[in-house]
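Structure assessment
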Amino acid sequence: MRRGTHNTNQITEGVIWKQLLIFFFPIVFGTFFQQLYNTIDTIIVGHFVGKEALASVGGSSTQIVNLIVGFFTGLSSGASVIIAQFYGAKNKHALNESLHTAYAFSAAGSIAIGILGFVLAPKLLMWMNTPAELMADSTVYLRIYFAGILFVFIYNMGSGILRASGDSRHPLYYLIVCCMLNIVLDTVFIVVFHVGVTGAAAATLLSQAVSALLVTLRLTRAETILKLSFTHIRIHGPILRSLLRIGLPAGFQSVMYNISNTMIQASLNTFGTDTSAAWSVYNKLDGLFWMMSGAFGIAITTFVGQNYGAGRTDRVKKSVRVCLGIDLLFSGILVVFFMVLRIPLFGIFTSDPEVIRLGSWMLALITPCYIFYVFLEVLSGALRGIGDVIIPLIITMCGTCLLRIIWIAGALKFHPAVDTIIFSYPVSWIISALMFLFYYSYRKRRLV
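Residues numbered from 1 in each chain as written. Predicted model: local features only at pLDDT ≥ 70, side-chain atom pairs only at ≥ 80, totals over all residues. Heavy atoms only, no water.

**Here we look at the environment of Ser 138**
Applicable threshold: Working definition: helices are DSSP H or I runs of at least four residues, strands are E runs of at least two. Numbering for both runs from the N terminus. Think of a polar contact as two N or O atoms within 3.5 Å of one another; within protein, one of them needs to be a possible hydrogen donor and the other a possible acceptor, and neighboring residues in sequence only count if both atoms come from side chains.
By the secondary structure assignment, Ser 138 is in helix H6 (residues 135-147). In this structure the C-alpha to C-alpha distance between Ser 138 and Pro 122, which are 16 residues apart in sequence, comes to 8.4 Å. At 2.8 Å, the side chain of Ser 138 and the backbone oxygen of Leu 134 are in polar contact.

Listed below in structure tokens is the structure:
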């Protein structure tokens, strides 16, 4: 969807369901390829190295990475929201300052977090009750990942900025290139040179470096009012404050999800390597749902942000209704797919019969409840698009993080089993969905 300043902005003028899908599909396919090149690590490691290495790549390490990167991705959504609003309002000066502040902030933040993550990797893994036999490989994987986290931050910020301006195609193209590169590098490092977990981490780092370079070059060569210049990269105080006002609550909201996931991973680790490996594979399959739901969340944030900036509150309300309907439909299809094919899907990742049995059982318990999560993703994304982030943060803290902490601490005492831990997901999704529906209904009446 390429536009110059003289063209009609289809997000604020076009048919909503068509534009949502046009915008959504490049995002979801892009997220698919991002998930795929992470999943390739798991598949190749699982088959060519072993289940201990599989758990090292996909277990505690993944939860820690998701926690850190999730926080920054939420934080960068502050830049996406203000850029979407300024783009909808056609405010070129504010757009320019927002773009360059976002890039400066990404570089500074990645350096600080990269150093801390590299140094603290062993302690983070210990806090998560990582099994002793997994510590060495998990530490190596984490440290290599943190060494290249600059590329992760730059890509996420740059692609978020492109999407905020209505360009969801180019991030997709770059991820396809990087996915293919990651497959080649994984094969070379793991299958040919036999460097195991180190090779998987190095392949991911190099692929992410390429994606960061491509998205940055795109912004420097943009033909719209949004154009990056390296000499102008600096932090503008008022823009940074606006970015943090929206981004910090969104970042903490992501942290709430990931802290609860980290707690669940730590609890599951106490049940042994088979359970940890099964959960690792489940997380890879589960990523198919999160990439789809997350794509709808990004799409609705951009739609609401641009229409809110353009003063089109009628389109704000309608786009939320349309997005909910489409997301519910797609989620239902995915639930059926998972339930029917869960055993052969796990067989793609490992041939260990106990890991397949445990993992397919976990998947059958959780996936029917995906429908409830749709409301959390779409409604929180819509609220973020109008700059309303504090109440969604509170709902997430109470309904997701706090409730799961209480559930894990209390329910496990009465029934110390894997299914007790897993049921914390559907319980928290249902309660949080009800809270988001109530608050959005109230907030919608105040939009004029």
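Here the narrative resumes, following the displayed structure.
**So, the packing of helix H4 (residues 60-89) against H6**
Worth spelling out the cut-off: The axes are straight lines fitted to the C-alpha atoms, using for helices just the contacting stretch, and the angles between their N-to-C directions are given from 0 to 180°. Angle categories: roughly parallel below 35 degrees, roughly antiparallel above 145, roughly perpendicular from 65 to 115, and oblique for all the rest. Crossings are sorted by hand: turned counterclockwise from the far helix by less than a right angle, the near helix makes the crossing left-handed, and turned clockwise it makes it right-handed. Any two residues whose heavy atoms approach within 4.5 Å at even a single point are treated as in contact. Under this grouping Gly is polar, as are all residues other than the nonpolar Ala, Val, Leu, Ile, Met, Phe, Trp, Tyr, Cys and Pro and the charged Asp, Glu, Lys and Arg.
Direction vectors running N to C along H4 and H6 enclose 25°, while the axes themselves pass 10 Å from each other. It follows that H4 is roughly parallel to H6 by the angle criterion. Where H4 crosses over H6, the two elements pack in a sense that is right-handed. Where H4 abuts H6, its residues Ser 61, Ile 64, Val 65, Ile 68 and Val 69 lie against Ser 138, Tyr 141, Leu 142, Tyr 145 and Phe 146. Of the residues that constitute the contact of H4 with H6, the class distribution is 8 nonpolar, 2 polar and no charged.

**Concerning unusual backbone geometry**
The bulk of non-glycine residues show a negative phi, and the bulk of peptide bonds are trans. How we decide: Note on classification: 1.4 Å probe, protein chains only; a residue is buried when its accessible area is under 20% of the maximum for its type, exposed when over 50%, partly exposed between these limits.
Although it is not a glycine, Lys 90 sits at a positive phi angle of roughly 60°. Classification of Lys 90 by relative accessible area gives exposed; the value is 54%. Notably, His 194 is not glycine yet its phi reads approximately 55°, a positive angle. Assignment of secondary structure puts His 194 in the loop between helix H8 (169-192) and helix H9 (196-220).

**Points about the pattern of salt bridges**
To keep things clear, this is the line we draw: We define a salt bridge as a side-chain nitrogen of Lys or Arg found within 4 Å of a carboxyl oxygen belonging to Asp or Glu.
Summed over the entire model, instances satisfying the criterion amount to 5 salt bridges. Between Glu 13 and Arg 312 there is a salt bridge, and its shortest N-O distance comes to 3.9 Å. On the criterion of sequence distance, the pair formed by Glu 13 in helix H1 (residues 10-13) and Arg 312 in the loop between helix H11 (273-309) and helix H12 (313-349) is long-range, its members being 299 residues apart. A relative accessible area of 26% means that Arg 312 is categorised as partly exposed. The closest approach of N and O atoms between Asp 314 and Arg 312, which form a salt bridge, is 3.3 Å. Within the structure, one salt-bridge network assembled from shared partners comprises Glu 13, Arg 312 and Asp 314.

Purely geometric numbers; function is a separate question.
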